[in-house]
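Examination of the molecular architecture
If you want the building blocks of each chain, they are given just below.
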Amino acid sequence: MPRRVDHAERRAEIAEALVRVAGRRGLHAVGMRDVAAEAGVSLRLVQYYFETKEKLLLHGLRWLTERFGERVAALVRDAGDAPPPRALVEALLTAALPTDLESRTFHLLHTSYAVLAVTDPALAAQPFLKDPDAAERVLAELLGQARESGLTRPGVDPGMEAIGLLAMSAGLGTGVLAGQRTPESAAAVLAHHLDRIFRPAAKP
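Residues numbered from 1 in each chain as written. Predicted model: local features only at pLDDT ≥ 70, side-chain atom pairs only at ≥ 80, totals over all residues. Heavy atoms only, no water.

Overview of the environment of Val30
- With respect to the element layout, Val30 can be found in the loop between helix H1 (7–25) and helix H2 (32–39).
- Judged by its relative accessible area of 3%, Val30 is buried.
- Remark: the alpha-carbon pair of Val30 and His193, spanning 163 residues in sequence, is separated by 37 Å.
- With residues up to four places along the chain from it excluded, the contact list for Val30 reads Leu18, Val21, Ala22, Val35 and Lys53. (Helix = DSSP H or I, 4+ residues; strand = E, 2+ residues; numbered from the N terminus. Buried < 20%, exposed > 50% of the residue type's maximum accessible area, 1.4 Å probe, protein only. Contact = heavy atoms within 4.5 Å.)

What follows is the structure, encoded as structure tokens:
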């Protein structure tokens, strides 16, 4: 009796293949045939699951975003039980810095997708570019909680700070990818700006 196909698993395998190829060659150079070869399946099967390259890219990037969420969750767990808001903010921001192969691929593909969408209406029409809004809301909520608890410096605007910190993290990440700065120096810049937002931790 033939093995029953797990469609979710097969879609995940194809998404992983997309990420591997795009990480090596760049998102702009990836075609559905390349992904099929990397996944060890037929082009027809990739087309069956995703129909168009735009849908394939969207699924692959959403899969990568889920992995990023898992990365943030692991950093939060490492911060201990009931971590303070600053630790959660640092976990969210530093997880996106390209410090290893997985985070480098994450940053490279996200940035590539945004650039391609500027001139490709089919990509721009996909909802992926709205995903950063979710990170912005989470970050603003964390900063808002910190302000209500008296943990931030006077005059902090959670919404504006969230926008600025995410933009800074993205820019620093690109600098690391381009060899402009090291991951350590990028993390130091983020820490410097968080010192501007948060009050110093109370001494025991």
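There's more to say after this.
A closer look at the packing of aromatic side chains
- All told, the structure shown has three aromatic pairs when counted by the stated rule.
- Ring geometry for Tyr48 and Tyr49: centres 5.1 Å apart, planes at 75 degrees, overall edge-to-face.
- Note on Tyr48: relative accessible area 57%, which makes it exposed.
- An angle of 50 degrees between the planes, with centres 6.4 Å apart, marks the rings of Tyr49 and Phe50 as tilted. Each member of the pair Tyr49 and Phe50 is classed as buried.
- Clustering of aromatic rings is evident, with ring pairs tying together Tyr48, Tyr49 and Phe50. (Phe/Tyr/Trp six-rings, centres within 6.5 Å; stacked < 30°, edge-to-face > 60°.)

Brief notes about the environment of Asp34
- With respect to the helices, strands and loops of the structure, Asp34 is situated in helix H2.
- With a relative accessible area of 26%, Asp34 lands in the partly exposed category.
- Separated by 81 residues in sequence, Asp34 and Val115 have C-alpha atoms that sit 21 Å apart.
- If sequence neighbours within four positions are ignored, Asp34 has contacts with Val21, Arg25 and Ala29.

Quick look at the pattern of salt bridges
- Across all of its chains, the model carries twelve salt bridges by this definition.
- Arg10 is the partner of Glu13 in a salt bridge, and the nearest nitrogen-oxygen pair spans 3.5 Å. With a gap of three residues between them, Glu13 and Arg10 both fall in helix H1, about one helical turn apart.
- Here Arg20 and Glu38 are joined by a salt bridge, their closest N and O atoms 2.9 Å apart. (Salt bridge = Lys/Arg side-chain N within 4 Å of Asp/Glu carboxyl O.)

A closer look at the side chain of Thr152
- Assignment of secondary structure puts Thr152 in the loop between helix H8 (132–148) and helix H9 (158–177).
- Given a relative accessible area of 4%, Thr152 falls into the buried group.
- For Thr152, the contacting residues outside a window of four places in its chain are Leu143, Ala146, Arg147, Ile197, Phe198 and Arg199.

Things to note about helix H4 (residues 53–78)
- The terminal C-alpha atoms of H4, which comprises 26 residues, lie 38 Å apart, in line with the 38 Å expected from a rise of 1.5 Å per residue.
- Among the residues making up H4, those that are buried are Leu56, Leu57, Leu58, Gly60, Leu61, Trp63, Leu64, Phe68, Arg71 and Val72.
- Where H4 is buried, its residues meet H1, H2, helix H3 (43–50), helix H5 (85–95), helix H6 (101–119) and helix H7 (121–124).
- Looking at the residues trailing H4, positive phi occurs at Gly80, about 95 degrees. (Expected span 1.5 Å × (residues − 1).)

Topic: the nonpolar core
- Of all hydrophobic cores here, the largest spans 49 residues; its most connected members are Leu56, Val89, Leu139, Leu143 and Leu165.
- A total of eight residues in this core trace back to one element, the largest contributor, which is H4.
- When near neighbours in sequence (up to four residues on either side) are disregarded, Leu165 contacts Val89, Leu93, Leu139, Leu143, His193, Leu194 and Ile197. (Core = buried A, V, L, I, M, F, W, Y, C linked by side-chain atoms within 4.5 Å.)

Topic: the packing of H9 against helix H10 (residues 183–197)
- Two elements in contact, H9 and H10, have axes separated by 9 Å at closest approach and are oriented at 165 degrees. Judged by the inter-axis angle, H9 sits roughly antiparallel to H10. Once H9 is placed against H10, the crossing between them reads as right-handed. Residue-level contacts link Glu161, Leu165, Met168, Ser169, Leu172 and Val176 of H9 to Pro183, Ala186, Val189, Leu190, His193, Leu194, Arg196 and Ile197 of H10.
- Partitioning the contact of H9 with H10 into residue classes produces ten nonpolar, two polar and two charged. (Axes fitted to C-alpha atoms, helices over the stretch in contact; angles between N-to-C directions. Parallel < 35°, antiparallel > 145°, perpendicular 65-115°, else oblique. Left-handed = near helix turned anticlockwise from the far one by under 90°. Nonpolar A, V, L, I, M, F, W, Y, C, P; charged D, E, K, R; others polar.)

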